[in-house]
Amino acid sequence: MAKEIINVVLAMKTFDTSKMDSWSDEQWQEFVGEEEDHGGIQLLLINDNSFYLKITGIHFDEETEEIVFNFDTQNKMNKNIKIQFGHWQIDDNIYNLIAKKPLYLVNFSGVRSFQKCVKRSNLNEWDKTIIEMKIIDAEINIIIRDLELQLIKHFTQIF
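## Notes on the packing of aromatic side chains
Tallied over the full model, the rule gives 12 aromatic pairs. Their ring planes at 65° and their centres at 5.0 Å tell us that W23 and W28 sit as a pair that is edge-to-face. With a relative accessible area of 9%, W23 lands in the buried category. Since its relative accessible area comes to 33%, W28 is described here as partly exposed. Through pairs of rings, three or more aromatic residues link up here, namely F15, W23, W28, F31 and F159.

Here's what the structure looks like:
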């Protein structure tokens, strides 16, 4: 079975805040954004006839010193499945999630939210994340899909 590689570019706006004193009203509005701009990260990764997966947020938990990834998922297949995460790479750091308990989804499930997290300093920026995951038939323990999700930040300086 070939590994499916899904590349997602996370577009990030940057601003030269050293020149804020000279910004026009339009520039200030672009910087502040609209209400819908404040919904956080929303990355649709997979939405096909068998499976749905979306990242609904990424944040740093100062108390636990973990970077937390929030997901929504849905099993659209006529079989129960498990989602098993493998290695995650955030920039140059590798995290092994293989030993973590897989997420179990019944057949034709509704959308379900869950979180996965790894220890990470909030002082470390991240530009590239690679997430390995497998979708496994829960009854016969056979891999249905082998996925590699590549999230890459792309910065554009607005002004």
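## Thoughts on the pairing of strand β6 (residues 93-96)
Two elements, strand β5 (residues 81-90) and β6, share 4 bridges in a ladder whose sense is antiparallel. Note on β6: the bridge partner recorded for W88 is Y95. Counting the residues between successive antiparallel strands, the hairpin from β5 to β6 contains 2 residues, one of them, D91, with a positive phi of roughly 55°.

## Focus: the environment of N80
Within the secondary structure layout, N80 lies in the loop between β4 (66-75) and β5. Residues N80 and I136, 56 residues apart in the sequence, show an inter-C-alpha distance of 8.6 Å. Sequence-distant contacts of N80, defined by excluding residues within four places in its chain, comprise N75, Y104, L105, V106, N107, I136, D137, A138 and E139. A polar side-chain atom of N80 sits 2.8 Å from the main-chain amide nitrogen of N107. Among the polar contacts listed, one links the side chain of N80 to the side chain of E139, at a separation of 3.0 Å.

## Considering the sheet that holds β4
Spatial ordering of the open sheet is given by β2-β3-β4-β8, a layout of 4 strands whose pairing is antiparallel. Whereas interior strands pair on both sides, the edge strands pair on one side only; in this sheet they are β2 (43-47) and β8 (112-119). Neighbour-to-neighbour, the strand axes of this sheet turn through a mean angle of 25°, independent of strand direction. With 8 bridges joining them, β4 and β8 adopt antiparallel strand pairing. Bridge pairing links I67 to V118 in β8.

## Brief notes about the side chain of K116
Within the secondary structure layout, K116 lies in strand β8. Although K116 lies buried, it forms no salt bridge, and the closest oppositely charged side chain, E66, sits 11 Å away as judged by the N-O distance. The contacts of K116, once residues within four sequence positions are left out, are I67, V68, F69, F71, F85, W88, L97, K100 and K101.

## A few points about the pairing of β4
Of all 10 residues that make up β4, 9 are buried, and the element is covered over most of its length. The pairing of strand β3 (residues 51-61) with β4 spans 10 bridges and is classified as antiparallel. Its bridge partner being in β4, G57 is matched across the sheet by N70. The hairpin formed by β3 and β4 contains 4 residues between the paired strands, and E65 there has a positive phi angle of roughly 55°.

The rules we used
- Residues numbered from 1 in each chain as written.
- Predicted model: local features only at pLDDT ≥ 70, side-chain atom pairs only at ≥ 80, totals over all residues.
- Heavy atoms only, no water.
- Phe/Tyr/Trp six-rings, centres within 6.5 Å; stacked < 30°, edge-to-face > 60°.
- Buried < 20%, exposed > 50% of the residue type's maximum accessible area, 1.4 Å probe, protein only.
- Pairing = 2+ DSSP bridges.
- Helix = DSSP H or I, 4+ residues; strand = E, 2+ residues; numbered from the N terminus.
- Contact = heavy atoms within 4.5 Å.
- Polar contact = N/O pair within 3.5 Å; in protein donor to acceptor, adjacent residues only side chain to side chain.
- Axes fitted to C-alpha atoms, helices over the stretch in contact; angles between N-to-C directions.
- Lys, Arg positive; Asp, Glu negative; His and termini not counted.
- Salt bridge = Lys/Arg side-chain N within 4 Å of Asp/Glu carboxyl O.

Geometric descriptors of this kind do not, in isolation, establish any biological role.
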